[in-house]
Amino acid sequence: MNRKWNWAAAFPQSCTDDVRVVARLLPRRLFGTVTWGTIDVTFFEESLILPSRLYLNEVKEEKFKL
């Protein structure tokens, strides 16, 4: 299955707000996240959905602002 990744699903609910802030900061045009398949895990009685593989487009060094 080829789909865009839901970052919040891979972290505990207590981190959801932080995950969304960070995900918004990632430039989507530079990070074309796509995954095939998932792995369901339980972390302290909370279900998390992790990508089985995650593909990110390579970002050229000059695109980073230091």
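See the structure printed just above.
Definitions and limits used
- Residues numbered from 1 in each chain as written.
- Predicted model: local features only at pLDDT ≥ 70, side-chain atom pairs only at ≥ 80, totals over all residues.
- Heavy atoms only, no water.
- Helix = DSSP H or I, 4+ residues; strand = E, 2+ residues; numbered from the N terminus.
- Contact = heavy atoms within 4.5 Å.
- Areas by Shrake-Rupley, 256 points an atom, 1.4 Å probe, with all protein chains shown as cover.
- Buried < 20%, exposed > 50% of the residue type's maximum accessible area, 1.4 Å probe, protein only.
- Pairing = 2+ DSSP bridges.
- Phe/Tyr/Trp six-rings, centres within 6.5 Å; stacked < 30°, edge-to-face > 60°.

Student: What's the story with the overall build of the chain in this structure? I'm lost.
Tutor: A count of helices and strands for the chain gives 1 helix and 5 strands. The N-to-C order of helical and strand elements in the chain reads β-α-β-β-β-β. For the chain, the proportion of contacts with a sequence separation of at least 24, taken over those separated by at least 6, is 52%. When the accessible area of the chain is evaluated, it comes to approximately 5800 Å², of which 55% is carbon and sulfur surface.

Student: Would you mind showing me how to read the side chain of threonine 16 here?
Tutor: In this fold, threonine 16 is placed in helix H1 (residues 16-25). Judged by its relative accessible area of 15%, threonine 16 falls in the buried class.

Student: So what exactly am I meant to see when it comes to the pairing of strand E3 (residues 38-43) here?
Tutor: For a regular strand, the rule is simple: side chains alternate between the two faces of the sheet. Judged from the 6 bridges that link them, E3 and strand E4 (residues 46-51) form a sheet pairing that is antiparallel. Bridge pairing in E4 places valine 41 opposite leucine 48.

Student: Sorry, what's going on with the packing of aromatic side chains here?
Tutor: How two aromatic rings sit relative to each other is set out by the distance from centre to centre and by the angle between their planes. In the structure shown here, the tally under the stated rule is 1 aromatic pair. The interplanar angle of 90° and the centroid separation of 4.8 Å between the aromatic rings of phenylalanine 43 and phenylalanine 44 together place this pair among those described as edge-to-face.

Student: Just checking my understanding: could you explain unusual backbone geometry for this structure?
Tutor: Residues other than glycine predominantly adopt negative phi, and peptide bonds predominantly adopt the trans conformation. With phi around 50°, phenylalanine 44 is a residue other than glycine that occupies positive phi space. Counting through the fold element by element, phenylalanine 44 comes out in the loop between E3 and E4. Relative accessible area serves as the criterion here: at 74%, phenylalanine 44 is assigned to the exposed category. In this model, glutamate 45 sits at a positive phi of 65°, which is unusual for a non-glycine residue. Mapped onto the fold, glutamate 45 is located in the loop between E3 and E4.

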